[in-house]
Amino acid sequence: MTALLSAIRHNPLLWLLVCVPAVFVAQAREPEAHTLLFVLSVLAIVPLATLLSHATESVAARTGDTVGGLLNATLGNLTELVIALAALRSGQYLLVKASIAGAIVTNSLFMLGASFLLGGLKHHLQDFNRISARLQASLLFLATIALLVPSAVGAADSEPAAAFTQQLSLGLSGLLIVAYGLGMVFSLRTHRELFTALKHGGDDEVPWPMGLALGTLAGVTVLVALVSEVFVESVQQAAVAFGMTPAFVGFIVVALVGGAAEMVSAFSGARKNRLDLSVGIALGSASQIALFVAPVLVLLSYVIGPTPMDLRFWPGAVVMMLIATLTATLVTSGGRSAWFVGVLVLKVYLIFAMTLYLLPPASP
């Protein structure tokens, strides 16, 4: 606990932890103050994400950046899964699909590009394991193809496509989950020697004890899930007050808030010249959402949703996911980055964000 209290005392960002109880107090006393709840929940997620970053880095210091990146992506995606489940229960399928597509694009463009930029501003050139990046990019490309097919079929023939698209989405969900499981076996068991993180010096920070790190991971994950519930309940009404459309909220706002924990860890890793951790979090999280979270939401929609959900996205979202995947594949193929590479990747993301804000896509 001494290490935890010391981190809170010396990091002004963690002083925002006072917003966590403030969220629950405001929800109990002013449940209709959606704009206030939205702002407080965003401010509460930021320090929780910072704590999650510290804990994950401490675990990664003992398990390696490959496992650390996987752990951070999994726990970070838990937030996005909670947000999507809340929207799924209320039948807001446009928000669910926008958050899925937005998380894929945000992780593979914004998180990756910002990591390259922040790391490159401190280090002239940075190297990372391109084999690991290539595997994650390949898995992400596979998932993008699976998401493209139902959308293409539905656009080509809308009359018999409804039942067929639903059956196809169900089958594709099973295939994607199996592909994700096999990718885990390949990278963590049968060929794990290929995915060893590159060694970098210069990081003298003492990691937290394993017990404290794991306890913090568990506690913060629960708090993030609870705060995310408040965020989902308030985000739509707050979006109206801020003049944002549901598609922009799902694609940009929800994705950025849901990925806050992963982003803190990815940016911190890049600044410490541990780019394997940053790339592993960014691409690992994107591929996990596409191969695991999206199929699980399709399966859960049969249980908790008002109607079954399919994998048919509007054409604009599919195009953005495909371009994001190809961009991530291109910039990680060499295993080396600099700050200007990050600028180029961020420009692609800003093009998408501006397009969605000015001309939101139609409902599928």
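**Student:** Before we move on, could you go through empty space enclosed by the protein and cite the residues and values that matter?
**Tutor:** The full count for this structure, using the stated rule, is three cavities of 30 Å³ or more. The space that makes up the second largest cavity amounts to roughly 60 Å³. Lining the second largest cavity, in full, are Glu-80, Ile-83, Ala-84, Ser-99, Ile-100, Ala-103, Val-254, Ile-289, Val-293 and Leu-297. Mapped onto the lining of the second largest cavity, the elements with two or more residues apiece are α4 (65–89), α5 (93–122) and α11 (275–304). For the lining of the second largest cavity, the class distribution of residues is eight nonpolar, one polar and one charged.

**Student:** Help me get a handle on the environment of Phe-38, residues and values and all.
**Tutor:** Looking at the element boundaries, Phe-38 is found in helix α3 (residues 34–63). Distance from Phe-38 to Val-232, taken between C-alpha atoms, is 8.4 Å for residues 194 residues apart in sequence.

**Student:** Before we move on, could you go through the pattern of salt bridges and cite the residues and values that matter?
**Tutor:** Using the criterion set out here, one finds two salt bridges in the structure. Ionic pairing is found between Asp-310 and Lys-97, a salt bridge with its closest N-O pair at 2.8 Å. Taken together, the positions of Asp-310 in the loop between α11 and α12 (315–332) and Lys-97 in helix α5 put the pair 213 residues apart, joining distant regions of the chain. Put simply, Asp-127 and Arg-336 hold a salt bridge, and the shortest N to O gap is 2.8 Å. Remark: Arg-336 occurs in strand β2 (residues 336–337) and Asp-127 occurs in strand β1 (residues 126–127); sequence separation between them is 209 residues.

**Student:** Can you tell me about the packing of aromatic side chains, naming the residues and giving the values?
**Tutor:** If you walk through the whole model with that rule in mind, you get seven aromatic pairs. Between Trp-339 and Phe-340, the aromatic rings sit 5.7 Å apart at their centres with planes inclined by 80°, giving edge-to-face as the arrangement. For Trp-339, a relative accessible area of 43% gives the class partly exposed.

**Student:** Go over a nonpolar patch on the surface with me, naming the residues and quoting the values.
**Tutor:** On the surface, a cluster of nonpolar side chains totalling about 370 Å² of accessible area is made up of Phe-141, Ile-145, Leu-148, Val-149 and Leu-326. For the nonpolar patch, the element with the most residues is helix α6 (residues 130–156), which contributes four residues. Here Leu-326 lies in helix α12. Exposure remark for Leu-326: the relative accessible area of 46% places this residue in the partly exposed category.

**Student:** An account of the environment of Leu-81 is needed here, citing residue identities and associated values.
**Tutor:** Relative to the helices and strands, Leu-81 is located in helix α4. Spatially, the C-alpha atom of Leu-81 lies 9.6 Å from that of Ser-99, the residues being 18 residues apart in sequence. Setting aside residues no more than four positions away along its own chain, Leu-81 makes contact with Val-293 and Leu-297.

Definitions and limits used
- Residues numbered from 1 in each chain as written.
- Predicted model: local features only at pLDDT ≥ 70, side-chain atom pairs only at ≥ 80, totals over all residues.
- Heavy atoms only, no water.
- 1 Å grid on protein atoms, 1.4 Å probe; cavity = no way out; pocket = protein on both sides within 12 Å on 5 of 7 lines; lining within 4 Å.
- Points joined across faces, edges and corners; volume = space filled by probe spheres on them.
- Helix = DSSP H or I, 4+ residues; strand = E, 2+ residues; numbered from the N terminus.
- Nonpolar A, V, L, I, M, F, W, Y, C, P; charged D, E, K, R; others polar.
- Salt bridge = Lys/Arg side-chain N within 4 Å of Asp/Glu carboxyl O.
- Phe/Tyr/Trp six-rings, centres within 6.5 Å; stacked < 30°, edge-to-face > 60°.
- Buried < 20%, exposed > 50% of the residue type's maximum accessible area, 1.4 Å probe, protein only.
- Patch = residues over 30% accessible without salt bridge, like charges linked within 9 Å, V, L, I, M, F, W, Y side chains within 5 Å.
- Areas by Shrake-Rupley, 256 points an atom, 1.4 Å probe, with all protein chains shown as cover.
- Contact = heavy atoms within 4.5 Å.

That's the geometry; what it means functionally is another story.
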